[in-house]
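Geometric and topological summary
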Amino acid sequence: MRTMKVDQQRVAKKIREIRTDLGYSMAQFGELISNSPKTTVNNWERGINLPKEDKLKKIALLGKTTVEELLYGTPEEVLTNLLKDHFQLQVNPAFLQQMLVFLKQQKVDVYDEMTIMEFLQGIMDSGMLVERNDPYLTYSKVEGTDSLYTAAAANDPLDPSPRYYAYVDVKNNRVHLLPYTFAKRQKYLYHNFPDLRNQIEIDYFTRAFPMLGVDLTKSRIIYYGFERAQEKLNIVEYSYNSQSKRFEVKNEDTTNFIYKAFKSEASRMQIYFLKLK
């Protein structure tokens with residue numbers, strides 16, 4: 001069995017997340033991990049070296065994960081990265097889950113790189129991963145910016161033009177969506193909030209998330225629109241639920257996550273729509 005190469009910087013980030021999520025200082029965390037000194041914990045979190053096996057087990061236990069996930073990522077992340085890096089493909093979450101179920105039934109270790117590569121190549125050769133023809137959003141970076149994109153629907157011959165501006169906050173796995181200023185059905189896009197409870201709709205908005213560096217299982221979508229009757233500004237946050245595989249509307253204060261530039265643009269459009277009444 002050939003296991004995968006460990007990305008020490010990814011492991012370092014994960015260890016830091018586990019420690020900070022638990023609210024421990026480096027010194028306190030080190031005490032829990034076989035009385036490791038603060039400097040050792042610091043080296044783990046900087047990616048200078050990896051904890052030894054016995055310490056990895058304790059860290060994984062504290063993080064409610066496994067050593068394999070700590071070292072290589074979740075099974076979903078492993079498959080997503082292999083498909084993206086070796087086959088330049090991205091698949092929707094539902095199909096990804098089907099692949100994982102099949103692997104489990106066949107008793108294939110997802111962390112056995114050679115076996116998984118052979119499995120994926122077999123699927124490629126069978127034609128099962130041919131791109132579906134249903135529309136989904138593709139994201140094109142706006143020139144001169146780091147995080148601003150336009151989003152257009154691929155596989156939609158009736159309207160291939162941009163539909164949204166997208167501000168992608170990779171650090172927090174948030175994607176902000178604002179109807180594109182010159183979209184053909186701009187008012188419709190502002191008024192009709194997406195129903196992200198439906199798997200097809202999830203796929204429409206998120207199939208390209210892996211290419212953006214956004215982790216679907218931790219992702220949130222912030223949609224900027226209007227309440228229809230009075231053209232009142234309405235900003236809604238959707239949070240992905242890993243158990244139900246669906247997005248849920250978050251009923252909480254939006255102040256902390258709003259992208260101010262999108263809110264300002266939406267406010268200008270609000271005034272414009274009100275004048276049209």
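Residues numbered from 1 in each chain as written. Predicted model: local features only at pLDDT ≥ 70, side-chain atom pairs only at ≥ 80, totals over all residues. Heavy atoms only, no water.

**Some thoughts on unusual backbone geometry**
- Here the phi dihedral of S34 falls at roughly 60 degrees; this positive angle occurs in a residue that is not glycine.
- Note that S34 resides in the loop between α2 (26–32) and α3 (38–45).
- One non-glycine residue, K64, lies in positive phi territory at about 55 degrees.
- With respect to the helices and strands, the residue K64 is situated in the loop between α4 (53–62) and α5 (67–72).
- Exposure remark for K64: the relative accessible area of 81% places this residue in the exposed category. (Helix = DSSP H or I, 4+ residues; strand = E, 2+ residues; numbered from the N terminus. Buried < 20%, exposed > 50% of the residue type's maximum accessible area, 1.4 Å probe, protein only.)

**Describing the pairing of strand β2 (residues 148–154)**
- Counting buried residues in β2 gives six out of seven residues, a clear majority hidden from the surface.
- Bridge count between strand β1 (residues 136–141) and β2: six bridges; the pairing is antiparallel. Bridged to S140 within β2 is T150.
- Where β1 folds back onto β2 in an antiparallel hairpin, the turn is made up of six residues, including G144, whose phi is positive at roughly 90 degrees.
- For β2 and strand β3 (residues 162–169), the ladder comprises five bridges, and the chain directions are antiparallel. Its bridge partner lying in β3, Y149 is registered against A166. (Pairing = 2+ DSSP bridges.)

**Observations concerning the pairing of strand β5 (residues 220–227)**
- A large share of β5 lies buried, amounting to six of its eight residues.
- Counting the residues that bridge the hairpin from β5 to strand β6 (residues 232–241) gives four residues, and of these E231 lies at a positive phi of roughly 55 degrees.

**Considering the packing of aromatic side chains**
- Per the counting criterion, the structure on display carries 16 aromatic pairs.
- When the centroid spacing of 5.7 Å and the interplanar angle of 40 degrees are considered together, the rings of Y72 and Y111 count as tilted. Residue Y72 is found in helix α5, and its partner Y111 is found in the loop between α7 (93–105) and α8 (113–126); the two are separated by 39 residues along the sequence.
- Accessibility expressed as a relative area gives 7% for Y111, which makes it buried.
- Seen in terms of ring centroids, F226 and F273 are 5.6 Å apart; in terms of plane orientation they differ by 90 degrees. Their pairing is edge-to-face. Within this pair, whereas F226 is found in strand β5, its partner F273 is found in helix α12 (residues 260–276), the two being separated by 47 residues in sequence. The exposure classification of F226 matches that of F273, with both residues buried.
- In this structure an aromatic cluster arises from ring pairing among Y164, F193, Y204, F205 and Y223.
- When the ring centre of F273 is taken as origin, the NZ or CZ atom of K187, which lies over that ring, is 5.4 Å away. (Phe/Tyr/Trp six-rings, centres within 6.5 Å; stacked < 30°, edge-to-face > 60°. Lys NZ or Arg CZ within 6 Å of the ring centre and 35° of its normal.)

**Looking at the side chain of E45**
- Residue placement: E45 occurs in helix α3.
- Classification of E45 by relative accessible area gives buried; the value is 6%.
- A distance of 2.5 Å separates the side chain of E45 from the side chain of R19, its partner in a polar contact.
- Apart from residues lying up to four places away in sequence, E45 is in contact with A12, I15, R16, R19 and M26. (Polar contact = N/O pair within 3.5 Å; in protein donor to acceptor, adjacent residues only side chain to side chain. Contact = heavy atoms within 4.5 Å.)

**Details of the sheet that holds β2**
- Spatial ordering of the open sheet is given by β1-β2-β3-β4-β5-β6-β7, a layout of seven strands whose pairing is mixed. Across the chains shown, the open sheet's two edge strands, defined by having one partner strand only, are β1 and β7 (246–249). Pairwise comparison of adjacent strand axes, ignoring direction, gives a mean angle of 30 degrees for this sheet.
- In terms of strand pairing, β3 meets strand β4 (residues 174–179) through six bridges, oriented antiparallel. Paired with Y165 across the bridge in β4 is L178. (Axes fitted to C-alpha atoms, helices over the stretch in contact; angles between N-to-C directions.)

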